[in-house]
Amino acid sequence: MIEAVVFDCDGTLLDSMPAWHAMQERLAQRAGVVLGEHELDVLNANTLPETAEFFHRECGLGASSQEVLEYARNMLMGEYLTSVLPREGAVSLVKRLHQDDVKLAVASSSPETFLRAGLTRAGIYDLFDVVASAEDEHQSKSTPRFFWSVAGRLGAMPQRIWGIDDSVYALKAMKEAGFLTAGIYDSDNAGTRVGLLFASDWYLDGFADLDYERFLSGDVGPDSQALAPYHL
């Protein structure tokens, strides 16, 4: 049986990626540059300080990366406090897992202040046993070390943890850490449906695709992705 579930936040629990993309576009406009596919891929895996450094160093924006960071941070915090909504089915899933005594964690690249604001607004922040910010901990979701740390804080064995994320790079790191992985589609900027399908044990177009009892059992048999071809 599954001991714990580790959720990504942006694009997984919260429909917050439009706010991040709008922030990146605003910075690009201020810098007078157009972001290509490669730049978007880089930015998707970045923490906010890394994004600020990118726009300052590579695009010449602002007097310092700290100035860019403060501008971006203020813009995003306003969105988390007033506009960002949970993804359909996310709140009910978290509450059901909590009621069934499954340990819960958030593992995100975003700063904890954003996570607290958005998840509190959704009414689920207090249900998580661990809220881990790669930015605040000076780590990266692209390496298994961050996820091993989360597993240790949960007191759960990696092979009995589901990791749910919309980003291919994070799913690969979770799998390397020993987690069972579920890729949930949000946008091609994070991971295409095909990319998520091959990076995860279970592909989800949304939380409505989740067979709850099978999910709790940790079943990743050969037909666990049976719905995926229909969605591609």
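A brief look at the structure comes next. Source: prediction; values computed, not measured.

Another aspect to go through is empty space enclosed by the protein. Going through the model one piece at a time under the given rule, you end up with 1 cavity of 30 Å³ or more. A volume near 220 Å³ is recorded for the largest cavity. Classifying every residue of the lining of the largest cavity by side-chain character gives 5 nonpolar, 9 polar and 5 charged.

As a further point, take the packing of helix α2 (residues 37–45) against helix α3 (residues 48–57). Two elements in contact, α2 and α3, have axes separated by 8 Å at closest approach and are oriented at 145 degrees. Counted together, E39, L43 and A45 of α2 and E50, T51, F54 and F55 of α3 form the full contact between these two elements. Per-class residue counts for the contact of α2 with α3 are 4 nonpolar, 1 polar and 2 charged.

Looking now at the pattern of salt bridges. It is possible for side chains bearing opposite charge to pair when their charged atoms get close. Using the criterion set out here, one finds 13 salt bridges in the structure. Of the charged contacts in the structure, one is a salt bridge between E112 and R116, with a shortest N-O distance of 2.3 Å. Here the residue E112 and the residue R116 both occupy positions in helix α6 (residues 112–122), the gap between them amounting to 4 residues, near one helical turn. Classification of E112 as buried rests on a relative accessible area of 15%. Salt bridges here are not isolated pairs; linked through shared partners, they connect D8, K141 and D165.

Using the criterion set out here, one finds 8 aromatic pairs in the structure. Considering the side-chain rings of F7 and F128, the 6.3 Å spacing of their centres and the 85 degrees angle between planes classify their relative orientation as edge-to-face. Taken as a pair, F7 in strand β1 (residues 4–7) and F128 in the loop between α6 and β3 (130–133) lie far apart in primary sequence, 121 residues in all. Look at F128 and you get buried, because its relative accessible area is 9%.

Along the polypeptide, S108 turns up in strand β2 (residues 103–108). Judged by its relative accessible area of 0%, S108 is buried. Those residues within four positions of S108 in sequence are excluded, and the remaining contacts are D8, C9, D10, L115, A132, S133, A134, K141 and F146.

Calculation notes
Residues numbered from 1 in each chain as written. Predicted model: local features only at pLDDT ≥ 70, side-chain atom pairs only at ≥ 80, totals over all residues. Heavy atoms only, no water. 1 Å grid on protein atoms, 1.4 Å probe; cavity = no way out; pocket = protein on both sides within 12 Å on 5 of 7 lines; lining within 4 Å. Points joined across faces, edges and corners; volume = space filled by probe spheres on them. Nonpolar A, V, L, I, M, F, W, Y, C, P; charged D, E, K, R; others polar. Axes fitted to C-alpha atoms, helices over the stretch in contact; angles between N-to-C directions. Helix = DSSP H or I, 4+ residues; strand = E, 2+ residues; numbered from the N terminus. Contact = heavy atoms within 4.5 Å. Salt bridge = Lys/Arg side-chain N within 4 Å of Asp/Glu carboxyl O. Buried < 20%, exposed > 50% of the residue type's maximum accessible area, 1.4 Å probe, protein only. Phe/Tyr/Trp six-rings, centres within 6.5 Å; stacked < 30°, edge-to-face > 60°.

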